[in-house]
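Architecture and fold: a report
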Amino acid sequence: MIHDVAVLGGGIAGAAAALRLAQGGVRPIWIAQDRQDAFKPGEHLSAAAIPLLKRLGSDAMLRSEVHRHAHSTYSAWGSDLLIERNAIVQLEGPPTVLDRWAFEAALSAQATAAGADRMDHDVIDFRIADGLWQIETAAGQVQTRFVFDATGRKAMVASKFARRFQADKLQCQYALFASSGETAPRPVTLIEAQEHGWWYMSVLADQRVVVNYYSDADLPGFGNADLEANAQLTTAIGAYLSDYGYSMCGTPKRIATNSSWIAPSIGAGWVAIGDAAAAFDPLSSHGMTTALWTAIEAADAFVAQDRDRMLAYAESVAKGVEDYLIAQQAVYRRETRWPGSTFWQRRTERAEQETDAAV
Ligand SMILES: Cc1cc2nc3c(=O)[nH]c(=O)nc-3n(C[C@H](O)[C@H](O)[C@H](O)COP(=O)(O)OP(=O)(O)OC[C@H]3O[C@@H](n4cnc5c(N)ncnc54)[C@H](O)[C@@H]3O)c2cc1C
């Protein structure tokens with residue numbers, strides 16, 4: 001059987017594209033291994049995602065009690081003062097702190113209910129023969145005319161046909177913390193800049209806390225850093241963790257969070273969406289929103305079989321990357337307390353370069 005379209009990857013971009021295609025009457029083959037075995041970082045869903053979820057008919061899933069509204073975020077950035085950003089000023093509604101797996105599972109269930117034909121496997125390899133994509137999985141070969149690459153930063157298909165760029169070497173160390181205290185923790189999100197990077201902490205709906213430390217992969221000490229001990233040394237986050245009796249569960253993990261993108265994000269018979277098209281520094285809190293937006297726009301262009309619309313999609317992605325790089329630099333420049341720090345010095349100038357591999 002030859003499929004019209006295959007979606008590769010089971011994250012938010014893949015699920016949203018599979019859903020949108022199915023809603024548009026094109027039943028995709030969706031190749032996406034279910035990996036809900038470990039905590040997946042990235043839980044702060046921006047309010048800008050709400051109109052996108054409404055377009056998908058998925059906004060009701062944010063009302064589940066496994067998520068919580070993020071009414072207040074505090075940041076110590078540019079000074080020691082903790083400044084509150086209150087969600088009351090956001091017209092779309094508050095941001096949400098997600099149970100990430102629950103959110104992805106709900107989107108995935110909606111996609112399959114709408115008609116997406118899910119294969120619970122990884123793509124092992126692919127090639128093009130006689131104008132068709134031949135996609136290898138452990139369950140056999142899939143033939144398709146068009147591919148949505150939603151394989152995240154790996155950009156399995158897009159990186160073979162387009163140029164990959166990277167603007168920095170940001171990485172994240174993260175871990176979950178649990179409380180032994182008896183007082184219910186205040187549900188907040190905290191961001192705190194430090195000499196060699198910055199910290200993020202957010203309380204999940206189940207009252208566990210996720211703590212992330214961001215710095216550059218090549219800066220001394222990052223790889224060996226003791227996340228729990230260093231978190232205690234921060235000002236606001238350290239005080240929060242000790243006030244509510246939080247301690248780390250398990251071992252911290254490390255993951256790439258640099259800004260990287262593919263150009264162009266479309267090619268002959270393929271389109272890249274989500275992180276496969278453009279992956280942003282989590283400071284922006286826009287990765288999941290971008291995953292939703294790119295999935296919807298690319299799916300709508302495919303359903304309409306409109307080449308100009310697909311070209312407009314690629315132009316919007318390129319413009320979005322350009323705008324993001326300018327905004328990102330402006331935000332990092334607001335922090336001037338450590339002029340001698342390599343981490344902050346690097347962020348005052350644009351330094352993107354072409355790269356061979358996802359890192
Ligand atoms: C530490 C951290 C914190 C973050 N914080 C935030 C935040 O607070 N807010 C926010 O909006 N964003 C945040 N992000 C970014 C956000 O998580 C991503 O932008 C988002 O996950 C992108 O979704 P995606 O579907 O494009 O990619 P992914 O979520 O990476 O999904 C890609 C999928 O493709 C699958 N895949 C890969 N290779 C294959 C293959 N060969 N065959 C089949 N499937 C394959 C993967 O298993 C995965 O399921 C954060 C990211 C990190 C790492």
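You'll find the structure just up there.
As a starting point, this report considers the structure included with it. Just so it is clear, the structure is predicted and the values come from calculations on it, not from any experiment.

Quick look at the sheet that holds strand β4 (residues 68-69)
Within the open sheet, the three strands sit side by side as β3-β7-β4. Their pairing is antiparallel. Looking at which strands have only one partner, the edges of the open sheet turn out to be β3 (44-45) and β4. Taken together, the two bridges between β4 and strand β7 (residues 96-97) define a ladder with antiparallel strand orientation. Residue pairing in the sheet places His-69 in a bridge with Thr-96 of β7.

Some words on the site of the ligand
Neighbouring residues of the ligand: 32 residues in total, closest Arg-35, Lys-40, Arg-100, Val-123 and Asp-275. Here a nitrogen atom of the ligand and a backbone polar atom of His-44 are 2.8 Å apart. One of the side-chain nitrogen or oxygen atoms of Asp-122 is found 3.3 Å away from a nitrogen atom of the ligand. Coverage of the ligand by the protein amounts to 90% of the 990 Å² it exposes when considered alone. Where the shell around the ligand is concerned, the elements lending two or more residues are α1 (12-23) and α7 (287-304).

Notes on helix α3 (residues 100-114)
When the terminal C-alpha atoms of α3 are compared, their 21 Å separation across 15 residues agrees well with the 21 Å that a helix rising 1.5 Å per residue should span. Of the positions making up α3, those classed as buried are Arg-100, Trp-101, Phe-103, Glu-104, Leu-107, Ser-108 and Ala-111. Projected down its long axis, α3 shows its buried positions confined to an angular sector of 160 degrees, all on one face. The inward-facing, buried residues of α3 contact α1, β2 (29-31), α2 (49-56), β8 (117-119) and α7. Looking one or two places after α3, you find Gly-115, whose phi comes out positive at around 125 degrees.

Quick look at the side chain of Thr-234
Looking at where Thr-234 falls in the secondary structure, it is placed in the loop between α5 (227-233) and α6 (236-243). On the basis of relative accessible area, Thr-234 is assigned to the buried category, the value being 5%. Excluding residues within four positions of it along the chain, Thr-234 makes contact with Glu-192, Gln-194, Trp-199 and Ala-239.

Points about the nonpolar core
Of all hydrophobic cores here, the largest spans 67 residues; its most connected members are Ile-135, Phe-148, Val-271, Ile-273 and Leu-292. Residue contributions to this core peak at nine residues, all from α7. Setting aside anything within four residues of it in sequence, one finds Val-271 in contact with Phe-146, Val-147, Phe-148, Asp-149, Ser-265, Ile-266, Ala-298, Met-310 and Tyr-313.

Focus on the packing of α2 against α7
With their axes 9 Å apart at the nearest point, α2 and α7 run at an angle of 40 degrees to one another. With respect to each other, α2 and α7 are oriented oblique. The chirality of how α2 crosses α7 is left-handed. Every residue of α7 that contacts α2 at Ala-49, Leu-52, Leu-53, Arg-55 and Leu-56 is listed here: Thr-289, Leu-292, Trp-293, Ile-296, Glu-297 and Asp-300. Broken down by class, the residue content of the contact of α2 with α7 amounts to seven nonpolar, one polar and three charged.

What counts and how
- Residues numbered from 1 in each chain as written.
- Predicted model: local features only at pLDDT ≥ 70, side-chain atom pairs only at ≥ 80, totals over all residues.
- Heavy atoms only, no water.
- Pairing = 2+ DSSP bridges.
- Helix = DSSP H or I, 4+ residues; strand = E, 2+ residues; numbered from the N terminus.
- Near = heavy atom within 4 Å.
- Polar contact = N/O pair within 3.5 Å; in protein donor to acceptor, adjacent residues only side chain to side chain.
- Areas by Shrake-Rupley, 256 points an atom, 1.4 Å probe, with all protein chains shown as cover.
- Expected span 1.5 Å × (residues − 1).
- Buried < 20%, exposed > 50% of the residue type's maximum accessible area, 1.4 Å probe, protein only.
- Arc of directions from axis to C-beta.
- Contact = heavy atoms within 4.5 Å.
- Core = buried A, V, L, I, M, F, W, Y, C linked by side-chain atoms within 4.5 Å.
- Axes fitted to C-alpha atoms, helices over the stretch in contact; angles between N-to-C directions.
- Parallel < 35°, antiparallel > 145°, perpendicular 65-115°, else oblique.
- Left-handed = near helix turned anticlockwise from the far one by under 90°.
- Nonpolar A, V, L, I, M, F, W, Y, C, P; charged D, E, K, R; others polar.

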